[in-house]
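Chain residues, written in single-letter form:
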Amino acid sequence: MRQRSRRRIMRATVELVDQRGYAGTTLTDIAERAGLARGLLSYYFDGKRLLMQSATHRMMHQTLSAALDELAPDAGPEARLARAIDAVLGLAMDHPRVMRSHLALILDPDTGAFVQDPEQQRLGAILQGLLRDWGAPDPAAEHAVLRSALMGGCIGVLLPGAELPLAPIRADLFGRYDLPWQLGRPPQPLPPERERPPARG
C-alpha cells in the first residue's frame, strides 16, 4: 500500500509539472491529483524539491526499462546502450518542463543537490549493467561520466533561447562509445556533418 501511494504521488507530480511547470505546481495540487491526503506527501517525501527529483528519476527509470524491453532478446550491448542513450535524451524532447525543472533544482547552488534515492539507484544500476556489458573497465566510474554527458545533452536541448538540435548532441555521445548512428532511434537518417575549421591562410 505504501509503495502504491508513493507511485501515485510521483506519477501525479510528473503529470502536473508537465502541464504547469514546477513553480505552478503545489503539494496540495499533487495530493489532489494522486487522490491522497496532503499530509501523506510530507510523510513520504521531505519537501517538494526531493519529491520532484524522485518523481523524475522514476520517470527516467521506467522509460529506460520500457525502451530496453522493446529490443529483441538477443540485442547486443551496443544496441542496448544506444537505445538507453536515446531513451534519456528523448525525455528532454517529450517532457521538457519536467526535465528543465529537474536539472534546475540539481544545479541551484542554494537548494540543489544530487539525490541518490531508490529510483535513481535503480536507474544507475541499469546503466552500469549496460556499460559493463559494453566493455567498460570500470562501469561505476563510466556511469558517472555517462550520467554527466546525458545531463549536459539534455541541457543543450532544453537551454531556453539557445537550444541545440538533438542530432549533434547524440552524435557526440554515440562517438564516445563508438556506436553506429543507425542503432537506437536516430532523429534523422544520417549523422550530422561536422563543420571543419576554416583553412589557415
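Below you will find a few notes about this structure.

About the thresholds
Residues numbered from 1 in each chain as written. Predicted model: local features only at pLDDT ≥ 70, side-chain atom pairs only at ≥ 80, totals over all residues. Heavy atoms only, no water. Helix = DSSP H or I, 4+ residues; strand = E, 2+ residues; numbered from the N terminus. Buried < 20%, exposed > 50% of the residue type's maximum accessible area, 1.4 Å probe, protein only. Contact = heavy atoms within 4.5 Å. Areas by Shrake-Rupley, 256 points an atom, 1.4 Å probe, with all protein chains shown as cover. Lys, Arg positive; Asp, Glu negative; His and termini not counted. Charge placed at Lys NZ, Arg CZ, Asp CG, Glu CD. Salt bridge = Lys/Arg side-chain N within 4 Å of Asp/Glu carboxyl O.

Thoughts on the overall build of the chain
Helix and strand counts for the chain stand at nine helices and zero strands. Across its three principal directions, the C-alpha atoms of the chain cover 65 × 45 × 30 Å. When burial is assessed residue by residue, the chain has 42% of its 201 residues classed as buried. Look at the contacts in the chain between residues 6 or more apart in sequence, and 65% of them connect residues 24 or more apart. Here the chain has roughly 10900 Å² of accessible surface; of this, 52% comes from carbon and sulfur atoms. The averaged location of the 23 negative side-chain charges in the chain is 6 Å from the averaged location of its 25 positive side-chain charges.

A closer look at the pattern of salt bridges
Within the structure shown, the criterion is met by seven salt bridges. Its salt-bridge partner being Arg20, residue Asp29 comes within 3.2 Å of it at the nearest N-O pair. Under the relative-accessibility criterion, Arg20 is labelled partly exposed at 40%. Residue Arg176 pairs with Glu142 through a salt bridge whose shortest N-O separation is 2.9 Å. With Arg176 in helix α9 (residues 166-176) and Glu142 in helix α8 (residues 139-158), this pair connects stretches of sequence that are 34 residues apart. Relative accessible area serves as the criterion here: at 45%, Arg176 is assigned to the partly exposed category. Through salt bridges with shared partners, a single ionic network connects Glu70, Arg83 and Arg185.

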